[in-house]
Structures are given as C-alpha cells and as structure tokens.
Amino acid sequence: MIFEFKKRIFGYDCDVYGHLNNASYLQLLEAARAEALIAMDMSISRMQKLDLQIFILRFELDYLKAIDLEDTVTVKSWFHKTNRLKGFWVQQIFNSAGELCFEANMIGVFASGGKAKRLPMEIYEHFLKFVESE
C-alpha cells in the first residue's frame, strides 16, 4: 500500500537559496513514515506499548530536482519488502506539478528493548499486508 503525506514548504524548511534544506528532507521523510505507520495501525505510541522500535540502518538519497519555498509537496511512502528483522522503505517526494524531485531508500531494523530483534510473527504478518512492490 502506498501512503501519501502532503506538506507546504515554509521559510524555516529552506536553505539560503530558497530550496528545501538537506536536513529538512529527513524530517519530511520521518513525518511521512510516522503518518504511514499510523495508517497501518502501528503508530509509534502503539509500538512503544508493544516494546518495539524501528532503528534506521541505512538511507540512500537521490536529490533529483530542487523543491522551492511555498511549494506543496507530496511524499509517497511504502514498504518495498520486509522480513522479521528489517523493513525496506521507498519514499518519493513530488512537487505540486507532479514532478519526482527526490527518492529515498531506507532500511530499518526492528528492535525490542533497544536491541535488534525479530518481530513477533503476528506483527510481522500485520506488516506484510502493507508491502507494495514498485
């Protein structure tokens, strides 16, 4: 399943050139993933109650086109694949003209008690319902 998150880009998101700042991309991706997890009925607060975490292991970032001040962007996020230890996310950011501006591939490690740990089978099966191939 592909999840969509929209956000207007404000001055505090931008660098001195009026483009989305590199650090702001990561915040935007984090917000979009958090919203996707909520839509998956696996919010951060619910995961905390289950003593589950997702720690980012790796990001691959491709900056394709600048995102300008006051544009409204759409972030599309989805699990590309998952197993009981790792989740593989793809996230794309589109400008208001529908142009692909940015793509990220993220690997997250599932953890419990602050240490990498395989997901319980019922949680893994829940996440499997949301895997979307490209």
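Our structure is the block above this text.
Presented here is a report on the structure given in the accompanying data block.

## Considering the nonpolar core
Met-40, Phe-79, Trp-89, Leu-119, Ile-123 and Phe-127 are the most contacted members of the largest nonpolar core, which totals 16 residues. Sorting the residues of this core by element identifies helix 1 (22-39), strand 5 (100-112) and helix 3 (121-128) as the ones contributing at least two each. The element that contributes the greatest number of residues to this core is helix 3, accounting for three residues. Residues Cys-14, Ile-93, Cys-101 and Phe-102 belong to the second largest nonpolar core, which totals 15 residues.

## Structural notes on the side chain of Asp-13
As for its position among the elements, Asp-13 is in the loop between strand 1 (3-8) and helix 1. Residue Asp-13 is classed as buried on the basis of its relative accessible area, which comes to 6%. A polar contact of 2.8 Å, which involves the side chain of Asp-13, links it to the side chain of Lys-7. Aside from chain neighbours lying at most four places away, what touches Asp-13 is Lys-7, Arg-8, His-19, Leu-20, Asn-21 and Ser-24.

## Notes on the pairing of strand 4 (residues 86-94)
The buried fraction of strand 4 is high, at eight of nine residues. The turn joining strand 3 (residues 72-82) and strand 4, which pair antiparallel and follow one another in sequence, is formed by three residues. Relative to strand 5, strand 4 runs antiparallel, the two being bridged by nine bridges. Within strand 5, the residue paired with Gln-92 across the bridge is Glu-103. The antiparallel hairpin formed by strand 4 and strand 5 contains five residues in its connecting segment, where Gly-98 sits at a positive phi of about 85 degrees.

The rules behind each value
- Residues numbered from 1 in each chain as written.
- Predicted model: local features only at pLDDT ≥ 70, side-chain atom pairs only at ≥ 80, totals over all residues.
- Heavy atoms only, no water.
- Core = buried A, V, L, I, M, F, W, Y, C linked by side-chain atoms within 4.5 Å.
- Buried < 20%, exposed > 50% of the residue type's maximum accessible area, 1.4 Å probe, protein only.
- Helix = DSSP H or I, 4+ residues; strand = E, 2+ residues; numbered from the N terminus.
- Polar contact = N/O pair within 3.5 Å; in protein donor to acceptor, adjacent residues only side chain to side chain.
- Contact = heavy atoms within 4.5 Å.
- Pairing = 2+ DSSP bridges.

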